[in-house]
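Residue-level structural notes
Residues per chain are reported as follows:
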Amino acid sequence: MVTKEYQRMVYAVIEALRTGEYVKPVQEAIRRAMKKYRIQGSSLDRRASGIIYGVFRNQGLIDRIIESLTNIEISKIDSEARAALRLVTYTVQLDPRAGHSLKHTIIRYAKKYLARKGRDNILKLIDIIASNKWRPVSEEDKIIINYRVSPQLYEALKHSFDLLGEDLEAFLSSTFKQYTKTFRANSLKASRSAVLEYLRRAGYEVRPGNYSPNSIIVSGPLGKDLVKLIETGILTPQDESSMVAVELLDPKPGTSIADLCAAPGGKTSYLAEYTRLKSRIHSFEIYSDRAKRMRRLLERTGTIKAVTIHVEDARRSPEILGEKSMDYVLVDPPCSSTGAIARNPDVRWRYREEDIKQIVVLQQELLEAGWKLLKHGGRLLYTVCSVLVEEGECVVKQFLEKHGDAVLVKLEKPFKQSPLLPGTMRAYPHLHGTIGFYYALLEKK
Ligand SMILES: C[S@@+](CC[C@H](N)C(=O)[O-])C[C@H]1O[C@@H](n2cnc3c(N)ncnc32)[C@H](O)[C@@H]1O
């Protein structure tokens, strides 16, 4: 093994794991660390990514192993030591592809990294982890081993799936499968059939998606022709369940539209495209760095001229735009992201009941703000990439009880009607091959 390169790889992995605790999405933390240690595009790029995703996917299990073998509390040690211990534990105890030589290399450089940072006290913990085999004992260990989710998240999912009459086992199994890579062809620049034809000629295995008229599914690696189409705004990476949200709202050209939680901008750019740049779209995003990212997407896709970006708390949108000023409103608030576990491995471990209670309050407040913005006869789509009923049916049910002027517009296609609140709809990874999404379409009487 070329030692210098492996040393940089180990340091990059530790850095990605450390910063991935607070930089979201974790993909961004990974990108930055790989760039810093010059691993991006090198021969160790794939190996490093595989290890990082392996650790994120197994984090709760790894922490349990560390705690039971060493008797330390993982949350009580600093983030550098935590990242190094997680890496060593994953490689030694769990990674089926790690041979003796890789294990040895990772232990060696993880120790070197800690020693350089003056963390000699952690080195003996690494030796304990490297020389003892962990075995599951409790029921909780078994849940973690079988499903790679925290016992708290498992309980929350079970509660929702029981109420929805859905198969939790099938859902959790689907989160281990390679998810489909889906893109939206930008009809302002090229038709879907032309893009499909172009990609086929370039040697790609592509097919039209199943639910949206503009979607394209790509099998295999991305490659430079496809990246070029993304850079020129002809293709935008987007899941079909997200495209469908815009199609359900079905805004008409020449109208006013508010997108209250808009970054990174997948739905805003589609709203602009869908209305052929003939509507005024007000897109709210509370974080300026995320709003900047959205601006770049809108520029790339040639949709920026139809959009006014407001870097504001969307709960203030009625003050900013005026009550009853919008024909259409999209509310796609922050959520647990439990519908997107396959893409966001950290979702498996970060669930906390208190956080959900807090996020539900925000969802309710954003929905209230959206409702105030809406004209009589206008339509609002409430959507979340969550499979938890607390963030879906419960929010909408409570809202309907409070607002006599709100009626549900029945949704049943292209996904599955919710038995808990008929007329609203859910997309599931195990049934539809998409991210799990909830949709409710409301009209103001
Ligand atoms: C689920 S994401 C939206 C995804 C987006 N609709 C799309 O399709 O690309 C939620 C977004 O809402 C933003 N957000 C959170 N709280 C907000 C608030 N009070 N006002 C406006 N935006 C907010 C988050 O930063 C995040 O970018």
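Residues numbered from 1 in each chain as written. Predicted model: local features only at pLDDT ≥ 70, side-chain atom pairs only at ≥ 80, totals over all residues.

**Section: the overall build of the protein chain**
Looking only at helices and strands, one finds 20 helices and 13 strands in the protein chain. By principal-axis analysis of the C-alpha atoms, the protein chain measures approximately 70 × 50 × 40 Å. When burial is assessed residue by residue, the protein chain has 47% of its 445 residues classed as buried. The contacts of the protein chain with a sequence gap of at least 6 include a subset with a gap of at least 24, amounting to 72%. (Helix = DSSP H or I, 4+ residues; strand = E, 2+ residues; numbered from the N terminus. Buried ≥ 20, exposed ≤ 12 C-beta atoms within 10 Å, placed from the backbone. Contact = placed C-beta atoms within 7 Å.)

**Things to note about the packing of helix H1 (residues 3-19) against helix H2 (residues 26-36)**
Two elements in contact, H1 and H2, have axes separated by 8 Å at closest approach and are oriented at 150°. Of the possible angle classes, the one that applies to H1 and H2 is roughly antiparallel. For the element pair H1 and H2, the recorded crossing hand is right-handed. Each of Ala12, Glu15, Ala16 and Thr19 in H1 lies in contact with H2, whose residues at this interface are Ala29, Ile30, Arg32, Ala33, Met34 and Lys36. Residue classes in the contact of H1 with H2 are distributed as six nonpolar, one polar and three charged. (Axes fitted to C-alpha atoms, helices over the stretch in contact; angles between N-to-C directions. Parallel < 35°, antiparallel > 145°, perpendicular 65-115°, else oblique. Left-handed = near helix turned anticlockwise from the far one by under 90°. Nonpolar A, V, L, I, M, F, W, Y, C, P; charged D, E, K, R; others polar.)

**Comments concerning the site of the ligand**
Near the ligand there are 19 residues, and of these Cys261, Gly266, Lys267, Ala314 and Asp332 occur at the shortest range. Class assignment of the residues belonging to the shell around the ligand gives a composition of ten nonpolar, three polar and six charged. (Near = placed C-beta within 6 Å.)

**Focus: the pairing of strand E9 (residues 374-384)**
A large share of E9 lies buried, amounting to eight of its eleven residues. Direction of pairing for strand E8 (residues 326-331) relative to E9: parallel, over a ladder of five bridges. Paired with Tyr328 across the bridge in E9 is Arg379. Relative to strand E13 (residues 437-444), E9 runs antiparallel, the two sharing six bridges. Bridging from a neighbouring strand, Arg379 pairs with Glu443 of E13. (Pairing = 2+ DSSP bridges.)

**Thoughts on helix H18 (residues 353-373)**
For H18, with 21 residues, the first-to-last C-alpha span of 31 Å sits near the 30 Å given by 1.5 Å per residue. Those residues of H18 not exposed but buried are Gln363, Leu366, Leu367, Ala369, Gly370, Trp371 and Leu373. Its buried side turned inward, H18 meets strand E5 (256-259), helix H16 (317-321), E8, E9 and helix H19 (393-402). (Expected span 1.5 Å × (residues − 1).)

**Observations regarding the sheet that holds strand E1 (residues 181-185)**
Pairing is antiparallel across the open sheet formed by four strands, whose spatial order is E2-E3-E1-E4. Edge strands, defined here as strands with exactly one partner in the open sheet, are strand E2 (205-208) and strand E4 (235-237). The average angle at which neighbouring strand axes cross in this sheet is 35°, direction not considered. Note that E1 and E4 share three bridges and pair antiparallel. Bridged to Phe183 within E4 is Pro237.

**Here's the deal with the pairing of E2**
Two strands pair when backbone bridges link them, and E2 and strand E3 (residues 215-219) are joined in this way by four bridges, in the antiparallel orientation. In the sheet register, Val206 faces E3, and the bridge partner there is Val218. The loop that links E2 with its antiparallel partner E3 comprises six residues.

**Focus: unusual backbone geometry**
Of the consecutive residues Ala263 and Pro264, the connecting peptide bond is found in the cis state with omega at 5°. Looking along the chain, the bond that leaves Lys413 and enters Pro414 is cis, with omega of 10°. With respect to the element layout, Pro414 can be found in the loop between strand E10 (406-409) and strand E11 (416-417).

**Observations regarding the nonpolar core**
Most often, soluble globular proteins keep nonpolar side chains buried together rather than apart. Counting 120 residues, the largest nonpolar core has Val13, Ala84, Leu87 and Ala110 as the members making the most contacts within it. One finds Ala185, Val195, Leu229 and Leu235 within the second-largest nonpolar core, a separate group that totals nine residues. (Core = buried A, V, L, I, M, F, W, Y, C linked by C-beta atoms within 7 Å.)

**Regarding the domain arrangement of the protein chain**
Note on interface size: it is often stated as the accessible area lost on association of the parts. Its domain assignment divides the protein chain into domain 1 (3-135), domain 2 (181-237) and domain 3 (240-444). The C-alpha-based centres of domain 2 and domain 3 are spaced at 25 Å. Taken together, the contact between domain 2 and domain 3 spans 14 residues of the former and 13 residues of the latter. (Domains from an automatic or database assignment.)

**A short note on the packing of helix H4 (residues 59-70) against helix H7 (residues 120-131)**
At their nearest, the axes of H4 and H7 sit 10 Å apart, and the two run at 100° to each other. Considered as vectors, H4 and H7 are oriented roughly perpendicular to each other. Contacts from Ile66, Leu69 and Thr70 in H4 reach Leu125, Ile128 and Ile129 in H7. Counted by class, the contact of H4 with H7 contains five nonpolar, one polar and no charged residues.

**Here we look at helix H9 (residues 151-164)**
Taking 1.5 Å per residue, 14 residues should reach 20 Å; H9 reaches 20 Å between its end C-alpha atoms and fits that length. Within H9, burial applies to Leu153, Ala156, Leu157, Ser160, Phe161 and Leu164. Mapping the buried residues of H9 onto a view down its axis gives an arc of 125°, with all of them on the same face. Summarising the geometry of H9, the exposed residues directed more than 90 degrees from the buried face are Lys158 and Asp162. Contact partners of the buried residues in H9: helix H10 (168-174) and helix H17 (347-350). Phi turns positive, to about 65°, at Gly165, one or two residues after H9. (Arc of directions from axis to C-beta.)

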